[in-house]
Number of protein chains: 2
Amino acid sequence: MNPLAIPEIVIRRLPLYLRTLKLLADRGLTVTSSQEIGDRLGITATQVRKDLSYFGEFGKQGTGYEIKYLQEQLRQILQVDRTWKLALIGVGDLGRALLRFTAFEESGFEMAAVLDRDGAKIGRQVGRHTVLDVATLPAVIRERGIQVAVIAVPTRDAQEIADALVKAGIRAILSYAPIQLSLPQHIQVQQIDPILSLQGMTYYLDASQL
Amino acid sequence: MNPLAIPEIVIRRLPLYLRTLKLLADRGLTVTSSQEIGDRLGITATQVRKDLSYFGEFGKQGTGYEIKYLQEQLRQILQVDRTWKLALIGVGDLGRALLRFTAFEESGFEMAAVLDRDGAKIGRQVGRHTVLDVATLPAVIRERGIQVAVIAVPTRDAQEIADALVKAGIRAILSYAPIQLSLPQHIQVQQIDPILSLQGMTYYLDASQL
DNA sequence: TAGATTGTTAATCGATTAACAATC
DNA sequence: TAGATTGTTAATCGATTAACAATC
């Protein structure tokens, strides 16, 4: 099957399956079912099976799925069965918090460069990283083989940094700036904006219960 | 129209419209069109108009939308035309980064309490906040009229904190813990997990270009 | 008036799910 | 064998979009 034919919404659920499988594995389970995965994610068992069926047959009738095997398969599909190198742009509070966030390394995302534009920060040590000058971005990305960038700069600088990243050959950007970045179609962009999340919840809150 | 009948996917787009309108307003524009909004978000103009039509008629034929007016209307619909009080649980690096993140206050989300369970942190001043004991959660939430909680504690404590929040009457939770929280149906939950975002992007990256 | 753009309908498209044969 | 659960088909459901009358 042509991979381009797989709906994006299916791709977005695969990481959720992986996360659920990790939880089950951490609890010592070795086998699970589409029912159990679905229950934990609030979706139907049929949907879990249908999603997986785009990529192959991973289960056994009557038994379910061997957790370790399904994890391996999903990691291969998502291409997270290898290490990806990240560059972090911006070493403010958020940047520092991200540097201490161990989940990146645990999931195969290696922080391979840390950059800032502030002269007072450049050259400083932050954890095991030396802060590099953002002006050297293209060389750093090339020399260190970086594939994914994490933007943690002030909002006003985010678009400029994003443009520079694309120019330097980056094709996937995770941005913490609360603005809509305008970038070429072929660039993968994910934005993390807690305001959007909050605004999506308040709609459903009962104002009378304030 | 029964508000319950409005698709959730529509509700999730309204904050994006608000964010786009803010961008346009910041650039000094006073009027826009469904075309312009859609272009900036990568969706069709028809979808923008259809989404808005669930709630009323906000534009003028031939002219488009008065930006300020549409912002007001969307804020009312999303119930962000008022101030919501947040409690932040967890004052690690991430918590501190969130405390300096001005976008919350700018969008009407007031950080009204900051709590931690670490005795070394309780009583300390962080910015303009005194760190409170998480054991006093129910009283703090009641006394300060807090409606939404932000979880920024270590992963292993997240579920326990979430349970305590629900018990204390919180009905909306924004969690930065990279796990699936298991909570009652009626609780609004949004999770921010950069690993999910990254794993969704690597699928689309061309491995040959590493 | 001519041009532009809205709001809405109906058609289309795509995602979800019910049902079930296959089989462990 | 009986029970459980997969993988898949076809039906259903719901979201998107093309088209266009209305009108500024």
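Analysis parameters
- Residues numbered from 1 in each chain as written.
- Chains lettered and ligands numbered in written order.
- Predicted model: local features only at pLDDT ≥ 70, side-chain atom pairs only at ≥ 80, totals over all residues.
- Heavy atoms only, no water.
- Helix = DSSP H or I, 4+ residues; strand = E, 2+ residues; numbered from the N terminus.
- Buried < 20%, exposed > 50% of the residue type's maximum accessible area, 1.4 Å probe, protein only.
- Contact = heavy atoms within 4.5 Å.
- Areas by Shrake-Rupley, 256 points an atom, 1.4 Å probe, with all protein chains shown as cover.
- Lys, Arg positive; Asp, Glu negative; His and termini not counted.
- Charge placed at Lys NZ, Arg CZ, Asp CG, Glu CD.
- Phe/Tyr/Trp six-rings, centres within 6.5 Å; stacked < 30°, edge-to-face > 60°.
- Lys NZ or Arg CZ within 6 Å of the ring centre and 35° of its normal.
- Pairing = 2+ DSSP bridges.
- Axes fitted to C-alpha atoms, helices over the stretch in contact; angles between N-to-C directions.
- Near = heavy atom within 4 Å.
- Polar contact = N/O pair within 3.5 Å; in protein donor to acceptor, adjacent residues only side chain to side chain.
- Nonpolar A, V, L, I, M, F, W, Y, C, P; charged D, E, K, R; others polar.
- Least-squares fit on C-alpha atoms with pLDDT ≥ 70 in both.
- Domains from an automatic or database assignment.
- Salt bridge = Lys/Arg side-chain N within 4 Å of Asp/Glu carboxyl O.

A.B. asks: How should I be thinking about the overall build of chain A in this particular structure?
C.D. replies: Within chain A one finds nine helices and eleven strands. Structurally, chain A occupies a C-alpha span of about 60 × 50 × 35 Å along its principal axes. Expressed as a percentage of the 210 residues in chain A, the buried residues total 48%. In chain A, of all internal contacts separated by at least 6 residues, the share reaching a separation of at least 24 is 53%. Put simply, chain A shows about 10300 Å² of open surface, and 49% of that area lies on carbon and sulfur atoms. Taking the average location of the 24 positive side-chain charges in chain A and that of its 22 negative ones, the two points are 3 Å from each other.

A.B. asks: Got a minute to help me understand the packing of aromatic side chains in this structure?
C.D. replies: Between two aromatic rings, the relevant description is the distance of the centres plus the angle of the planes. Inspection of every chain in the model, using the stated rule, returns four aromatic pairs over all chains. Centre to centre, the rings of Y203(A) and Y204(A) are 4.9 Å apart; their planes meet at 90°, and the pair counts as edge-to-face. Measuring from centroid to centroid gives 5.4 Å for F101(B) and F104(B), while their planes differ by 75°, and the two rings are edge-to-face. Cation over ring: K50(A) sits above Y54(A), and NZ or CZ is 5.8 Å from the ring centre.

A.B. asks: Explain the pairing of strand β11 (residues 188-191) of chain B to me, please; I cannot follow it from the model alone.
C.D. replies: Residues in a regular strand point their side chains to alternate faces of the sheet. Residues and elements named next belong to chain B. Residues Q188 and Q190 of β11 are buried on one face, while the alternating residues V189 and Q191, pointing to the opposite face, are not. In this sheet, β11 lies alongside strand β10 (residues 172-175) in parallel orientation, the contact comprising four bridges. Bridging from a neighbouring strand, A172 pairs with Q188 of β11.

A.B. asks: Would you explain the sheet that holds strand β4 (residues 84-89) of chain B in this entry?
C.D. replies: Each strand in a sheet pairs with another by means of backbone hydrogen bonds, the pair being arranged parallel or else antiparallel. Residues and elements named next belong to chain B. Judged by pairing direction, the sheet is parallel, and its six strands sit side by side in the order β8-β5-β4-β9-β10-β11 without closing on themselves. Both edges of this open sheet fall to β8 (132-133) and β11, since each of them pairs with a single strand only. Relative to β10, strand β9 (residues 148-151) is paired through four bridges, and the arrangement is parallel. Following the sheet pairing, V148 is matched in β10 by A172. Against the sheet, helix α7 (residues 137-144) engages β4, β5 (109-116) and β8, with an angle of about 160° to β5.

A.B. asks: When you look at the protein's contact with DNA strand D in this model, what are you seeing that I'm missing?
C.D. replies: The environment of DNA strand D is made up of 26 residues, and the closest members are S34(A), R49(A), F58(A), G59(A) and Y65(A). Of all DNA strand D atoms lying within 4 Å of any protein atom, the proportion belonging to sugar or phosphate reaches 61%. In this structure, a phosphate oxygen belonging to DNA strand D sits 3.0 Å away from a side-chain N or O atom of R13(B). The separation between a sugar or linking oxygen of DNA strand D and a polar side-chain atom of Q47(B) is 3.0 Å. Listing elements by their share of the surface near DNA strand D, those giving two or more residues are α3 (45-53), β2 (59-60) and β3 (64-66) of chain A together with α1 (8-26) and α3 (45-53) of chain B. Of the residues belonging to the surface near DNA strand D, the class tally is four nonpolar, 14 polar and eight charged.

A.B. asks: I keep staring at the relation of the copies chain A and chain B and nothing clicks. Help me out?
C.D. replies: What relates the pair of chain copies is a rotation about an axis plus a shift along that axis. Structural alignment of chain A on chain B gives an RMSD of 0.0 Å, achieved by rotating through 180° and translating 0.0 Å along the axis. Here the symmetry operator amounts to a two-fold rotation axis. Both copies share a contact surface, since 100% of the interface residues of chain A are interface residues in chain B too.

A.B. asks: Help me understand the domain arrangement of chain A in this model?
C.D. replies: Per the domain assignment, the segments of chain A are domain 1 (3-77) and domain 2 (84-196). Taking only C-alpha atoms into account, the centre of domain 1 of chain A sits 31 Å from that of domain 2 of chain A.

A.B. asks: In this structure, what is going on with the environment of G62(A)? I would like to understand it.
C.D. replies: If you trace the backbone, G62(A) turns up in the loop between β2 and β3. Residues G62(A) and L21(A), spaced 41 residues apart in sequence, show a C-alpha to C-alpha distance of 19 Å.

A.B. asks: Whenever I open this one, the pattern of salt bridges confuses me. Can you help?
C.D. replies: With the rule as written, the count across this model stands at 18 salt bridges over all chains. Across the pair D26(A) and K22(A) runs a salt bridge whose closest N-O atoms are separated by 2.9 Å. Here K22(A) and D26(A) lie together in helix α1 (residues 8-26), a separation of four residues that amounts to about one turn. Taking relative accessible area as the criterion, D26(A) reaches 57% and is therefore assigned exposed. The partner of D157(B) in a salt bridge is R117(B), and the shortest N-O contact between them spans 3.5 Å. Separated by 40 residues along the polypeptide, D157(B) in helix α8 (residues 155-167) and R117(B) in the loop between β5 and β6 (125-126) bring together distant segments of the chain. D157(B) sits in the buried class, given a relative accessible area of 10%.

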